[in-house]
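The chain contents come next:
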Amino acid sequence: MMGLRTLKPSDGFSDLAPGIEFAAGERIERRRQEESKELLVASPVHSDTGDAGDTKVVFTKSDRDHSIFYDVHIFYYLWYGSPTMDGKYVHWDHVLVPHWDPKIAASHAQGRHVPPEDIASSFYPELGPYSSRDPQVLESHMSQIEASAAGKASPRTSSSSSSSSSDYRGVLVLSWYPPGVADNHGEPTEDLVPAVMDAAQRHRIKVAFHIQPYQGRTDQSVHSNIKYIIDKYGAHGAFYRFRSSMGRVLPLFYVYDSYLTASEAWAELLTVKGSHSVRGTPYDSVFVALVVEERHKNEILAGGFDGMYTYFASNGFSFGSSHQNWRAIKTFCDGNNLLFVPSVGPGYADTAVRPWNNHNTRNRVNGRYYETSLQAALTVRPDIVTITSFNQWHEGTQIERAVPRKTVTRLYLDYQPNKPDLYLELTRRWAQHFDKEKDKWLM
């Protein structure tokens, strides 16, 4: 399932994964001399697609006059359930995922969690083990997200499609499965999307979609998914669009575990000459693939994608999630007119669901891990930064409010000595800093 996939030996686990060094006052690198003072990035996404494939944003000084800032994207999950709203707990009672090696698996706890005292997370949410169907929960989430990306944007053009306000509120990236489909441990949630869209609009938040690796996902099924989403939600005021260098305003989709489908198959959907290409059609969009291993860079390019993101919040876990590799990935993307979208998170702690994976835990260090990750992302001057995550509680990457909690069997981690909204506040502060830095990059 999305963000909690079945890990394999090939996923790059290593006790020698690089740690985090907290260098005070780390400066953002000086702009490369060869970069144009007028352009942030070059124009067409793929040289072989012509105007139909042009989905790469370009900013010029004259462009940045009238718009808002929607370049902070936050991954969001709808898979939680409670007895009050759903008749049972969903996902809070997640199983303890066994290690692939039976010998190692035998040395760790097995079974599943028993909410509400024992939930599938190392932290405990302020709202308790909630239901994603609860309107009050949804309203609280939108308020928190609004607060985490709130500020006054300087007059300029951004990748948001339309708004007359100078306030910016960020983009919620919604984990999405087709109607009637769910991850292995959850229930279908597509019927909740209209409520999410309406709530987001009330809080001036935009919504993008994160296509999940459901059983039977192919390039052809994704074509159907894109058509469904755009037809159903494309006219909604909260639907997020990205402005291309040619002035086209296009939807943007993240494709999780994109490497599970061969690049040759993706090319049928994402290049002009593909047998069922969306390029140049009403369903043309910006498609961003997941880069986990180094080889994925070329596969993403060959597949016709418009960019790549890293998702995982554990520095050193994979090639893509390692901060030390972001400059090289950004250089590759710049050279091939692709977007690079680094993903940052406040920490990583998934031992509540993968008890054998302690070596990939990344402690929060009272917010310093998050700030170091955010600084690493801004150093490579990205077009967009993604936050992993608002509420992926299983992997301990949430910025949602958490509270101290001790039960008979559990002692949960918390944000103390800081307040429950520490990571919302840090996100807001860094969103504003990102906005100001982008203005400097274009001077």
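Quick note: structure is the one above.
Described in the following lines is the structure provided in the data block. Note that the coordinates shown come from a computational prediction; the quantities given were computed from them, not determined experimentally. (Residues numbered from 1 in each chain as written. Predicted model: local features only at pLDDT ≥ 70, side-chain atom pairs only at ≥ 80, totals over all residues. Heavy atoms only, no water.)

## Thoughts on the environment of Val196
At step 1: Structurally, the position occupied by Val196 is in helix 4 (residues 193–202).
At step 2: Sequence separation between Val196 and Arg133 is 63 residues; the distance between their C-alpha atoms is 9.8 Å.
At step 3: In contact with Val196, other than residues within four places in its own chain, are Leu78, Leu138, Met142, Leu172 and Leu174. (Helix = DSSP H or I, 4+ residues; strand = E, 2+ residues; numbered from the N terminus. Contact = heavy atoms within 4.5 Å.)

## Side note on helix 9 (residues 368–379)
At step 1: End to end, helix 9 covers 16 Å across twelve residues, agreeing with the expected 16 Å (1.5 Å per residue, within 8%).
At step 2: Where burial is concerned, most of helix 9 is hidden: ten out of the twelve residues are buried.
At step 3: Residues Tyr369, Tyr370, Thr372, Ser373, Leu374, Gln375, Ala376, Ala377, Leu378 and Thr379 constitute the buried set of helix 9.
At step 4: Each element contacted by the buried residues of helix 9 is listed here: helix 8 (326–335), strand 11 (343–344), strand 12 (385–387) and helix 10 (422–441).
At step 5: Count one or two residues on from helix 9 and you reach Arg381, which has phi positive near 55°. (Expected span 1.5 Å × (residues − 1). Buried < 20%, exposed > 50% of the residue type's maximum accessible area, 1.4 Å probe, protein only.)

## Concerning the environment of Thr218
At step 1: Tracing the backbone through its elements, the reader meets Thr218 in the loop between strand 5 (206–211) and helix 5 (219–233).
At step 2: Residue Thr218 is classed as partly exposed on the basis of its relative accessible area, which comes to 33%.
At step 3: Considered as a pair, Thr218 and Thr261 are 43 residues apart in the sequence and their alpha carbons are 6.7 Å apart.

## Focus on the packing of aromatic side chains
At step 1: If you walk through the whole model with that rule in mind, you get 26 aromatic pairs.
At step 2: Judged by centre distance (6.2 Å) and plane angle (85°), the rings of Trp79 and Tyr80 are edge-to-face. There is no split in this pair, since Trp79 and Tyr80 are both buried.
At step 3: Their ring planes at 35° and their centres at 6.2 Å tell us that Trp176 and Tyr228 sit as a pair that is tilted. One end of the pair, Trp176, is in strand 4 (residues 171–176); the other, Tyr228, is in helix 5, with 52 residues separating them in the sequence.
At step 4: When its relative accessible area of 28% is taken as the criterion, Tyr228 is described as partly exposed.
At step 5: What links up through ring pairs into an aromatic cluster is the set Phe75, Tyr254, Tyr256, Tyr309, Tyr311, Phe312 and Phe317. (Phe/Tyr/Trp six-rings, centres within 6.5 Å; stacked < 30°, edge-to-face > 60°.)

## Points about the side chain of His99
At step 1: Secondary-structure assignment places His99 in the loop between helix 1 (83–86) and helix 2 (102–105).
At step 2: Within the structure, His99 has its side chain in polar contact with the backbone nitrogen of Asp101 (distance 2.9 Å). (Polar contact = N/O pair within 3.5 Å; in protein donor to acceptor, adjacent residues only side chain to side chain.)

## A short note on the pairing of strand 1 (residues 72–76)
At step 1: In terms of residue burial, strand 1 counts as a mostly covered element, since five of its five residues are buried.
At step 2: Both strand 1 and strand 12 contribute to a ladder of three bridges, which runs parallel. Residue pairing across strands places Ile74 opposite Ile387, the latter belonging to strand 12.
At step 3: Across four bridges, strand 1 lies against strand 4 in parallel orientation. Looking at the pairing, Tyr76 lines up with Leu174 of strand 4. (Pairing = 2+ DSSP bridges.)

## Side note on the pairing of strand 5
At step 1: Burial analysis of strand 5 places six of its six residues in the buried class, which makes it a mostly covered element.
At step 2: Neither face of strand 5 is exposed, since Lys206, Ala208 and His210 on one face and Val207, Phe209 and Ile211 on the opposite face are all buried.
At step 3: In terms of strand pairing, strand 4 meets strand 5 through six bridges, oriented parallel. The residue of strand 5 that forms the bridge with Leu172 is Val207.
At step 4: Each parallel crossover has a hand, and the one from strand 4 via helix 4 to strand 5 is right-handed.
At step 5: Here three bridges tie strand 5 to strand 7 (residues 249–255), and the two strands are oriented parallel to one another. Within strand 7, the residue paired with Ile211 across the bridge is Val255. (Right-handed = clockwise from strand over helix to strand, strands pointing away.)

## What about the pattern of salt bridges?
At step 1: Scanning the entire structure with this criterion turns up 22 salt bridges.
At step 2: In this structure, Arg405 engages Glu117 in a salt bridge whose closest nitrogen and oxygen atoms are separated by 2.8 Å. A residue pair is termed long-range when its members are at least 10 positions apart, and Arg405 in the loop between strand 12 and helix 10 and Glu117 in the loop between helix 2 and helix 3 (135–148) qualify at 288 residues.
At step 3: For Arg405, a relative accessible area of 29% gives the class partly exposed.
At step 4: Between Glu425 and Arg429 there is a salt bridge, and its shortest N-O distance comes to 3.8 Å. With Glu425 and Arg429 both in helix 10 and four residues apart, the pair spans about one turn of that helix.
At step 5: Among the charged side chains, a network of salt bridges with common partners joins Asp86, Arg133 and Asp191. (Salt bridge = Lys/Arg side-chain N within 4 Å of Asp/Glu carboxyl O.)

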